[in-house]
Every structure is written in structure tokens, then in C-alpha cells.
Amino acid sequence: RWAHDREFQVGVQMLRGVIEADAGGETLADIADAVLRALAPRVEAAFAEAHGRIAGGALAVVAMGNLGGRAMAVSSDLDLTFVYAAPDLGAASDGPRPLIASQYFARLSQRLINAITAMTNEGRLYEIDMRLRPSGNAGPVASEIESFARYHAESAWTWEHLALTRARVVAGPAALAGRIEAVIRDTLRRARDPVRLLVEVADMRRRIEAEHHADNPWRTKYVRGGLLDCEFIAQYLQLRHTADHAEILSPRTAEALARLAEAGVLAPEAANALIDATRLMRRLRGMLRLTIGGDRIEGHASAGLRAALARAGGAADFDALRDKLLAAEARVRALYAQIIDEPAEAAARAPADE
């Protein structure tokens, strides 16, 4: 009830123009963070009644995606990864029904997932998406910290490291959180083959385009020149240049773009265009989520909704807003082509020895 009341409050403030989408997204992430931090120790205490505890063991919750990037929208799900540590992985817990560490923390993580997603009289807290954990849906529910580090050092795909740019530890003991943050930092600061990175990032975006093709300009996440392209540019440039510019790392897309410009990695005018486009699209996406829950508005939107969207987008009227959105998407498409697509195509055509 507390979480839904706070989400409703944020939604009303966004609809009334009291706060913008960026501030709303950060507040929604604060709400989710608070829920996870409050719920995790209570789930763990209930779990310990049956299985006891692992001596010296600990579990942490890592936020990814929009929660990690503090860019949530109303009804966003939570992209989560669970990481644990135990001094002796073969030792069993001390409860009536003892479990070894891998079983213990896998079941504890699943118990926390169940608590977050359970349908109650007040509804469900959140839906959970675990596909960004190591090895995706084929991986264990919870990863041991050394295995987590080894996976990202030796086995992770480039797209997983793109996702890792938005990772944040949101619950768990400070000591374990520090170890996880060090793994994330060391992974992202690794020097990379720039050609291979470029080609793999471009290929990943093409795969997403094939699966989620969108011609509707109001479908601002997946349309070419939309939010995903802004995020890909920020994440690619962070992976490409963090080895030389550690200061550019940030889980927030707009902040990362600003830091890239300050470091001289991205032209200031390009960074400003991407930041402005990101903020515009988030405002419109947030408004559509709060009102009609979708993006099919051409020919269907009421006069009131059109006026509200125009206000949210800082335009004189709905037609001016549509022109502004199309211009922003065209600019992002051009920047994406310049920074990623065209260099990747040139690299793919070049002889191997070049």
C-alpha cells in the first residue's frame, strides 16, 4: 500500500507538471530501492526460521536496467541480479533444514522474488525480470561473488557489459556491496578491442531492431532514433573509453552523456542533442504510460491528452510536438549512424589485417 500510494503521488505530480519525467523516474527508483531494502532482511529472517543462516554469508541485490539507471516509469518492472558470498561454500546453514551455500542463497533469492511479485489484497509490488543475470535465463538465480567476477572477466557477452554500465547495488551488507561494485568497476574499465566492440554493439542493436521493429514515432523506446539508440551510444562510448577516462562512468544515461562530453569523448553539441532527446522522449513516454498506457495515439488521442502531451514536451500544440519529436529522432538516428553504424559497417568491410 505504501509503495502504490507513493507511485500514485509521483504520477499525479507528473501529470500536473509539478515534476518532470527525470525527477519522477528517480523518485520511482527511490521507492523501489526502499521496498527492496525493507523487504530483504524480513524475507531473510523468515527464511532463517527453517534453514538457519550461513556463517559469514551474505546476499546482495543488484539493480539493472531502468531501476539501475534510476529512469523508471510507472508500471516498470525490476531488472534484478542476486549475488552472494560465503567464506566456505561447502558449509551448510545452521537451521533445522540445513542447506549448502549455493542452495541456500538460490532459494533465499527465489523467496525474495516471490515476496516482491506475490499478489496481495493491495496488488503486486513489482514484476521481476532476471534476464540480465549472468548467463541469462539459463544461469543460476543467485551468483557467487567469485563466479560473478570470473563470468564477467571470461565469459560475458558484450551486450552484458553494456547492461552492466547501469548496474547498482541496492540492498545488502556494505562489505559485499563494495566487492560487487569493485567487480563492476574493474569490468567496465577493462581495455577492449575497439573494432570488435563496435561491430558487436552494432550487431546487438540490429538484433533488437529485428525483434522489436517500430515505425510509430510515439513508441519512443524502440523506434530508430529513440531512447534505445541514446542508451546504446552512451553505453558503447563508456565501454570504449572508460579504460582511459574512469570519470565517465554513470548508470544514468543523461549524466553519462554529459560526462562523455566533459572528457572530450563526445562533441558537446552531440551530447546536448542526445540529452535533450532523451529527456523529451522520457517525458512523453511517462505521460503516455500514465494516461492511455500505450503509444497508439495518432487519430485516437483526445484533445485533452494532446494538450497535456504538448505541455509535457514544451511545444505550442500537438502538431508542433510531433514535429519536435520527429526532429529529435532524426537527429539521434544521424548521431547513431555516425558514431556506431557507419564505423561498424566500414570495419566489417575492411580486410582482417587492417
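Procedures and definitions
- Residues numbered from 1 in each chain as written.
- Predicted model: local features only at pLDDT ≥ 70, side-chain atom pairs only at ≥ 80, totals over all residues.
- Heavy atoms only, no water.
- Helix = DSSP H or I, 4+ residues; strand = E, 2+ residues; numbered from the N terminus.
- Buried < 20%, exposed > 50% of the residue type's maximum accessible area, 1.4 Å probe, protein only.
- Expected span 1.5 Å × (residues − 1).
- Contact = heavy atoms within 4.5 Å.
- Pairing = 2+ DSSP bridges.
- Axes fitted to C-alpha atoms, helices over the stretch in contact; angles between N-to-C directions.
- Parallel < 35°, antiparallel > 145°, perpendicular 65-115°, else oblique.
- Phe/Tyr/Trp six-rings, centres within 6.5 Å; stacked < 30°, edge-to-face > 60°.

Draft legend 1. Structural view of the environment of alanine 350. By secondary structure assignment, the location of alanine 350 is in the segment after helix H13 (318-349). Residue classification places alanine 350 among the partly exposed residues on the basis of a relative accessible area of 29%. Alanine 350 sits 103 residues away from glutamate 247 along the chain, and the two C-alpha atoms are 32 Å apart.

Draft legend 2. Representation of the environment of alanine 348 within the structure. The residue alanine 348 is located in helix H13 in this model. Residues alanine 348 and glutamate 20 lie 328 residues apart in sequence; the distance between their C-alpha atoms is 41 Å.

Draft legend 3. Quick look at helix H11 (residues 268-291). Taking 1.5 Å of rise per residue, the 24 residues of H11 would be expected to cover 34 Å, and the 35 Å separating its terminal C-alpha atoms lies within 8% of that figure. Just beyond H11, the residue with positive phi is glycine 293, at close to 70°.

Draft legend 4. How the structure looks around the side chain of glutamine 235. For glutamine 235, the location among the structural elements is in helix H9 (residues 227-241). Once residues within four sequence positions are removed from consideration, glutamine 235 is found in contact with Leu162, Thr165 and Arg166.

Draft legend 5. Fine view of the pairing of strand E2 (residues 78-85). In terms of burial, E2 is a largely internal element, eight of the eight residues being buried. The side-chain alternation of E2 yields two buried faces, one formed by Leu78, Leu80, Phe82 and Tyr84 and the other by Asp79, Thr81, Val83 and Ala85. One ladder, built from seven bridges, connects strand E1 (residues 58-64) with E2; its direction is antiparallel. Along E2, the bridge assignment pairs alanine 58 with alanine 85. Relative to strand E3 (residues 128-129), E2 is paired through two bridges, and the arrangement is parallel. Each bridged residue has a counterpart across the sheet, and for aspartate 79 the counterpart in E3 is aspartate 129. Here three bridges tie E2 to strand E4 (residues 142-144), and the two strands are oriented parallel to one another. Along E4, the bridge assignment pairs tyrosine 84 with glutamate 144.

Draft legend 6. How the structure looks around the packing of helix H1 (residues 2-15) against helix H2 (residues 21-51). Interhelical geometry of H1 versus H2 gives an angle of 175° and a closest axis separation of 10 Å. Considered as vectors, H1 and H2 are oriented roughly antiparallel to each other. On H2, the residues that touch Trp2, Ala3, Arg6, Glu7, Val10 and Met14 of H1 are Ala21, Gly24, Thr27, Leu28, Ile31, Ala34 and Val35.

Draft legend 7. Representation of unusual backbone geometry within the structure. Phi is positive for arginine 70, close to 55°, though the residue is something other than glycine. Take arginine 70: it is sitting in the loop between helix H3 (65-68) and E2. Overall, arginine 70 belongs to the buried group, its relative accessible area being 14%. Although it is not a glycine, serine 75 adopts a positive phi angle of roughly 80°.

Draft legend 8. A look at the packing of aromatic side chains. Evaluation of the coordinates by the stated rule reveals four aromatic pairs. When the centroid spacing of 5.0 Å and the interplanar angle of 80° are considered together, the rings of phenylalanine 47 and tyrosine 104 count as edge-to-face. Taken together, the residues span a long stretch of sequence, with phenylalanine 47 in helix H2 and tyrosine 104 in helix H4 (residues 101-117) at a distance of 57 residues. Grouping residues by exposure puts phenylalanine 47 and tyrosine 104 together as buried.

Draft legend 9. Representation of helix H12 (residues 303-312). Considered for burial, the residues of H12 that qualify are Leu305, Ala308, Leu309, Ala310 and Ala312. Trailing H12 by a residue or two, glycine 314 shows a phi angle of about 65°, which is positive.

Just geometry here; none of it tells us what the structure is for.
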